[in-house]
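# Analysis of the macromolecular model
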Amino acid sequence: MKVIFPEDETIEAAARLLKQGRLVAFPTETVYGLGADASNPEAVQKIFHAKGRPADHPLIVHIQSIDNLTDWALTVPDFALRLAERFWPGPLALILNKKPEVPIEVTGGQHTVALRIPNHPVALRLLQAFGGGIAAPSANRFCRISPTQASHVLEELGDAVDLILDGGPCQVGVESTVIDFSGKKPALLRPGQITQLEIEDFLQTQLTTNPESTIRAPGMMAVHYAPSTPALLCHANELNTILHDFIGQDKRVGILTYHQRISKTHLIHVISMPMQAHDYAQALYAALREMDRLRPDIIVVEKPPVTESWLAINDRLAKATRPYQPS
Ligand code: TXA
Ligand code: MG
């Protein structure tokens, strides 16, 4: 499929909609975002309404340049600035103490704000045309799988969004790494493609994974990113037993395999996932969505490796599934 990126006029029209307080979905390198003018509380409230998301869940503000950090953040610690300079535009969100004028609708009532510059040409053009911060969570309904293609956004939100900009399939495929700089020690709140080790190596300091704040944020909830079909996570050596059990009960099974060869039958759908972490992440949400569409009785995911580059994937899989427990 060929994706034709939006023309300048379309980007301008999208920026105008944002200025009018309307909602525009746009591609980023991680997942599609559901955007609104971050300085307009009424516009931001529409995001929560469209997603069905509780109002106390904070949003990420997408900005155009590092110079805009101080439009939103009260102070920018040296470590945070160095990460921004190293990884932006890119799949990294920084949590900083917010300026008083940042609407609490954006921050879910917190005194902190999440900021990032996305690495996608369409997102960057939109930010430039708009000229302000765009608050955007992933463009899915609350607790569902994040969209990695424009068609997924349409499936999720339909008419609740005023315009969807199509920028093709997302290259990263899982949400950004979130680092909180508002406490005493920098804390990893959500793993992503940029790994904890990479950040620790670069800053020459350790990140804590036990943040001081215990706010409720979607990426931190136990059930999230979930397909509608019940999903199990299992080890390769458990796959055959599980299949045998379900097929014995005449149940239809959808399998996301990592390296096992499983034959398709009328009761078994199989999606073979890529062997490289980067490619696996890119394909993961579309695969879960596809499985949901096929409406099996159960989705079974074969656990991929657990090394550093697979951490974000394992984090999302743990939230999308429950572990298989042999009876
Ligand atoms: O890759 C991404 O980050 C995508 C694209 C669209 O940029 N956005 C995204 O947004 O995943 P959302 O709303 O689905 O997730 C935002 C995450 C929350 O799970 C939460 O952990 C964190 O960002 N977050 C945002 N503001 C925060 C705050 N003030 N304090 C703590 N965590 C915050
Ligand atoms: Mg989300």
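Because the structure is predicted, anything quoted here is derived from the model rather than measured.

With that settled, the discussion passes to unusual backbone geometry. In this chain, W88 is followed by P89 through a cis amide linkage whose omega measures -10°. Tracing the sequence through the fold places P89 in the loop between α4 (78–87) and β4 (92–97). One non-glycine residue with positive phi stands out, namely D250, at about 65°. For D250, the location among the structural elements is in the loop between α9 (239–248) and β11 (253–257). The exposure class assigned to D250 is exposed, which follows from its relative accessible area of 61%. Positive phi outside glycine occurs at R295, with the angle close to 50°. Of the residues examined, R295 reaches a relative accessible area of 64% and is grouped as exposed.

Our next topic: the pairing of strand β8 (residues 177–180). Burial along β8 is two-sided: T177 and I179 facing one way and V178 and D180 facing the other are all buried. Pairing analysis gives four bridges linking β4 to β8, with the strands arranged parallel. Paired with L92 across the two strands is T177, which belongs to β8. Bridging between β8 and strand β9 (residues 187–190) involves three bridges; their strand directions are antiparallel. Pairing of D180 across the sheet is with A187, part of β9. Counting the residues in the hairpin turn of β8 and β9 gives six residues.

This part covers the pattern of salt bridges. For the structure on display, the rule yields 11 salt bridges. In this structure, E156 engages R144 in a salt bridge whose closest nitrogen and oxygen atoms are separated by 3.0 Å. In this pair, E156 sits in helix α7 (residues 150–157) while R144 sits in the loop between β6 (134–135) and α7, placing the two residues 12 residues apart along the sequence. We classify E156 as buried; its relative accessible area is 8%. For R144, a relative accessible area of 22% translates into the label partly exposed.

Turning to the layout of surface pockets, a few remarks are in order. Approximately 240 Å³ is the volume found for the second largest pocket. Contributing elements (two or more residues each) for the lining of the second largest pocket: α7 and α10 (277–294). The biggest single contributor to the lining of the second largest pocket is α10, with five residues. Partitioned by chemical class, the residues of the lining of the second largest pocket number two nonpolar, four polar and seven charged. Both of domain 1 (3–203) and domain 2 (231–323) provide at least three residues apiece to the lining of the second largest pocket.

What follows covers the sheet that holds β6. Read from one edge of the open sheet, nine strands run β7-β1-β2-β6-β3-β5-β4-β8-β9, paired in mixed fashion. Taken across any chain shown, the strands that pair with only one partner, and hence form the sheet edges, are β7 (163–164) and β9.

So, on to the domain arrangement of the chain. Splitting the chain by domain gives domain 1 (3–203) and domain 2 (231–323). Computed over C-alpha atoms, the centres of domain 1 and domain 2 are 29 Å apart. If you look at the interface, domain 1 gives 24 residues, while domain 2 gives 14 residues. Taking both partners together, domain 1 and domain 2 bury about 1500 Å²; carbon and sulfur atoms supply 52% of that area. Its largest share of buried area at the contact with domain 2, domain 1 owes to I145, V174 and P191, together 35% of the area lost on that side. Summed over the shared surface of domain 1 and domain 2, the result is four salt bridges. With its nearest N and O atoms 3.1 Å apart, the salt bridge here joins E156 to R289. Connecting domain 1 to domain 2 are 11 residue pairs in polar contact (both at pLDDT 80 or more). Those elements that provide at least two residues to the side of domain 1 that touches domain 2 are α7 and α8 (196–203).

Here the focus is the environment of D71. Along the polypeptide, D71 turns up in helix α3 (residues 69–72). Separated by 31 residues in sequence, D71 and V102 place their C-alpha atoms 8.8 Å apart.

Here we take up helix α1 (residues 8–19). Over its 12 residues, α1 extends 17 Å from the first C-alpha to the last, a length consistent with the 16 Å expected when each residue adds 1.5 Å. Among the residues of α1, those classed as buried are I11, A14, A15, L17 and L18. Across the axial projection of α1, the buried residues extend over an arc of 155°, all falling on one side. Within α1, the exposed residues directed more than 90 degrees away from the buried face are E9 and K19. Residues of α1 that are buried in the fold lie against β1 (24–26), β2 (33–37), α6 (121–130), β6 and β7. Backbone geometry just after α1 places G21 at a positive phi near 85°.

Calculation criteria
Residues numbered from 1 in each chain as written. Chains lettered and ligands numbered in written order. Predicted model: local features only at pLDDT ≥ 70, side-chain atom pairs only at ≥ 80, totals over all residues. Heavy atoms only, no water. Helix = DSSP H or I, 4+ residues; strand = E, 2+ residues; numbered from the N terminus. Buried < 20%, exposed > 50% of the residue type's maximum accessible area, 1.4 Å probe, protein only. Pairing = 2+ DSSP bridges. Salt bridge = Lys/Arg side-chain N within 4 Å of Asp/Glu carboxyl O. 1 Å grid on protein atoms, 1.4 Å probe; cavity = no way out; pocket = protein on both sides within 12 Å on 5 of 7 lines; lining within 4 Å. Points joined across faces, edges and corners; volume = space filled by probe spheres on them. Nonpolar A, V, L, I, M, F, W, Y, C, P; charged D, E, K, R; others polar. Domains from an automatic or database assignment. Contact = heavy atoms within 4.5 Å. Buried area = accessible area lost by both parts, 1.4 Å probe. Polar contact = N/O pair within 3.5 Å; in protein donor to acceptor, adjacent residues only side chain to side chain. Expected span 1.5 Å × (residues − 1). Arc of directions from axis to C-beta.

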